[in-house]
Amino acid sequence: MDHDGDGILDLISGSYDPGDIWLFQGLGKGAYAAGKVLVDEAGVPLVHHPEELQRYESLRKEKGEDGEGVIQARVKSFGSWPALVDWDADGDLDMLIGTFRGGMHLRTNVGTRTAPKYSAASPEVLVDGKPLKVNMHAAPSVADWNGDGLFDVIVGCGDGSVQLFVNGGKPGEPRLAAAVPLVPAKAKSKSLRQVLLPGDELQPAVRAQVQVVDFDLDGKLDLLVGDYSEVVRARPGLTEAEQEELRAADRREKAMMDGEHDERISKEVDAVRKRLGEPGKLTSAVWFYRRDGD
C-alpha cells in the first residue's frame, strides 16, 4: 500500500515480539529501503499498548529482563497486525492494530496523507459499544464487503476463522456490527497439528492471515487466507494397523485439547508419533476462498 501518498507502494508489517510496526519505504521498480520501526507522536514505537511497552522498558532497565513483572509487561504489547484505513474520513490513512489476545486498537493519523503521524492515544475498536474481540491473533483487512460505499473490517483469527464486521455507520463515524463468520474455525486455539497418512491432503489450519481481493476477476471480492500448522506425515510403508494406531493417537490428542490437558496422554501420543511418523514440520499455506453469493 502507498503509506505516504507519493504514488509508490510501500510495505507495512507487524511483528510478534514485542509488537513493533515496521515500514519498508518503496523506492520504485520493486526496490525497498531498509525497514524502520514506526513511532507515534510521542516517539513511542507504534504498538497497540504503548503505556505497557513504556512500562516494560522501564522495568527492564530497573530489574533486568527476568525481573518480577517484566515479562508480564512485555506480553501486553506482544503481537501486532496492522491495516490502514481512513477511519475518520479526513483524507489520510489511520491504522488499525490487531492484538495477540484478539482485540483491536486504533491509531489516528494526526499528520497528513503525505506526512503520516500517529496519535499517542490507542483506543480500542468497539463493536456494538464493546471492545472488538476474536479468538486471538486478530489480523485485520479492510474492504467494502457489501458494496454500500463504507469500509468493513475482515479479521483473520488465531483459531483459523475469518470474521466479518460490517460497518453500519457513516463516513467519519464507523459503527461495526457483531461478527459474521466467513470461514469457520479450525481449532479452539492458535495451535493445530495435522497428521497426514498416505492419500491425505493438507487442510486449512490456524492463525489466519487474510487478504480481500477479486482473485478470479469475476467482480466479487474473494479471500486469500494464509495459515500455520505443524504437519506430521506417516512414515512410508506403515501397515493398516499402524496407520490406524497413528489416527487413534491423533483423535486422542484432539479430544484432550477439547478438554483439560493430560500430560500422560500427551506423552503417549508423542511416543506413537515418534515411532510411526516423520518429524513434524511447521507449515504455512495460502488458501483461496471464492465468493459465490452477493
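Residues numbered from 1 in each chain as written. Predicted model: local features only at pLDDT ≥ 70, side-chain atom pairs only at ≥ 80, totals over all residues. Heavy atoms only, no water.

Re the overall build of the protein
- Counting its secondary structure elements, the protein contains four helices and 19 strands.
- Dimensions along the principal axes, computed over C-alpha positions, put the protein at roughly 65 × 60 × 45 Å.
- A burial count over the protein gives 42% of its 294 residues as buried.
- Here the protein has roughly 15,200 Å² of accessible surface; of this, 53% comes from carbon and sulfur atoms. (Helix = DSSP H or I, 4+ residues; strand = E, 2+ residues; numbered from the N terminus. Buried < 20%, exposed > 50% of the residue type's maximum accessible area, 1.4 Å probe, protein only. Areas by Shrake-Rupley, 256 points an atom, 1.4 Å probe, with all protein chains shown as cover.)

What about unusual backbone geometry?
- Phi at His137 takes a positive value of approximately 50°, unusual for a residue other than glycine.
- Here His137 is to be found in the loop between strand 10 (130-131) and strand 11 (139-143).
- Look at His137 and you get buried, because its relative accessible area is 2%.
- Although it is not a glycine, Arg207 sits at a positive phi angle of roughly 55°.
- Here Arg207 is to be found in strand 16 (residues 206-213).
- Classification of Arg207 by relative accessible area gives buried; the value is 16%.

A look at the packing of aromatic side chains
- If you walk through the whole model with that rule in mind, you get six aromatic pairs.
- For the ring pair Tyr16 and Phe100, a centre distance of 5.9 Å and an interplane angle of 75° mean the geometry is edge-to-face. Taken together, the residues span a long stretch of sequence, with Tyr16 in the loop between strand 1 (11-13) and strand 2 (22-24) and Phe100 in the loop between strand 7 (94-99) and strand 8 (104-107) at a distance of 84 residues.
- With relative accessibility at 33%, the residue Tyr16 sits in the partly exposed group.
- Above the face of the Trp145 ring, Arg291 is positioned so that its terminal group lies 4.0 Å from the ring centre. (Phe/Tyr/Trp six-rings, centres within 6.5 Å; stacked < 30°, edge-to-face > 60°. Lys NZ or Arg CZ within 6 Å of the ring centre and 35° of its normal.)

Here we look at the side chain of Asp94
- Looking at the secondary structure, you find Asp94 in strand 7.
- The buried charged residue Asp94 lacks any salt bridge partner; its closest oppositely charged side chain belongs to Arg113, at an N-O distance of 10 Å.
- A polar contact is formed between the side chain of Asp94 and the backbone nitrogen of Trp87, at a distance of 2.9 Å.
- Of note is the side chain of Asp94, whose polar atom sits 3.4 Å from the backbone nitrogen of Asp88.
- Not counting chain neighbours up to four residues away, the residues in contact with Asp94 comprise Ala83, Leu84, Val85, Asp86, Trp87, Asp88, Leu106, Arg107, Thr108, Asn109 and Tyr118. (Lys, Arg positive; Asp, Glu negative; His and termini not counted. Salt bridge = Lys/Arg side-chain N within 4 Å of Asp/Glu carboxyl O. Polar contact = N/O pair within 3.5 Å; in protein donor to acceptor, adjacent residues only side chain to side chain. Contact = heavy atoms within 4.5 Å.)

Quick look at the pairing of strand 13 (residues 162-165)
- Burial along strand 13 is two-sided: Val162 and Leu164 facing one way and Gln163 and Phe165 facing the other are all buried.
- Bridge analysis of strand 12 (residues 152-156) against strand 13 gives four bridges, and the strand direction is antiparallel. Its bridge partner lying in strand 13, Gly156 is registered against Val162.
- Here strand 12 hands over to strand 13 after five residues, with Gly160 in that stretch at a positive phi of 95°.
- For strand 13 and strand 14 (residues 180-183), the ladder comprises three bridges, and the chain directions are antiparallel. (Pairing = 2+ DSSP bridges.)

Quick word on a positive patch on the surface
- Side chains of Arg55, Lys63, Lys76, Arg101 and Lys133 sit close together on the surface and give a patch of like positive charge.
- The residue Arg55 is located in helix 1 (residues 50-63) in this model. (Patch = residues over 30% accessible without salt bridge, like charges linked within 9 Å, V, L, I, M, F, W, Y side chains within 5 Å. Charge placed at Lys NZ, Arg CZ, Asp CG, Glu CD.)

Observations concerning the sheet that holds strand 2
- Spatially, the three strands line up as an open sheet ordered 1-2-5, and their pairing is antiparallel. At either margin of the open sheet sits one strand with a lone partner, and together these are strand 1 and strand 5 (36-37).
- Bridge count between strand 2 and strand 5: two bridges; the pairing is antiparallel. In the sheet register, Leu23 faces strand 5, and the bridge partner there is Lys36.

Let's talk about the pattern of salt bridges
- One pass over the structure, following the stated rule, counts 15 salt bridges.
- Among the ionic pairs, Arg107 bridges to Asp40, the shortest N-O distance being 3.0 Å. Of the two residues, Arg107 is situated in strand 8 and Asp40 in the loop between strand 5 and helix 1; the sequence distance between them amounts to 67 residues.
- Note on Arg107: relative accessible area 0%, which makes it buried.
- On the accessibility criterion, Asp40 (5% relative accessible area) is buried.
- Measuring nitrogen to oxygen at the nearest pair gives 3.2 Å for the salt bridge that ties Arg264 to Glu268. Highlighted residues: Arg264 and Glu268, both in helix 4 (residues 263-276), separated by four residues, approximately one helical turn.
- For Arg264, a relative accessible area of 49% corresponds to the partly exposed category.
- Through salt bridges with shared partners, a single network forms among Arg193, Glu230, Asp250, Glu253, Lys254, Asp270 and Arg273.

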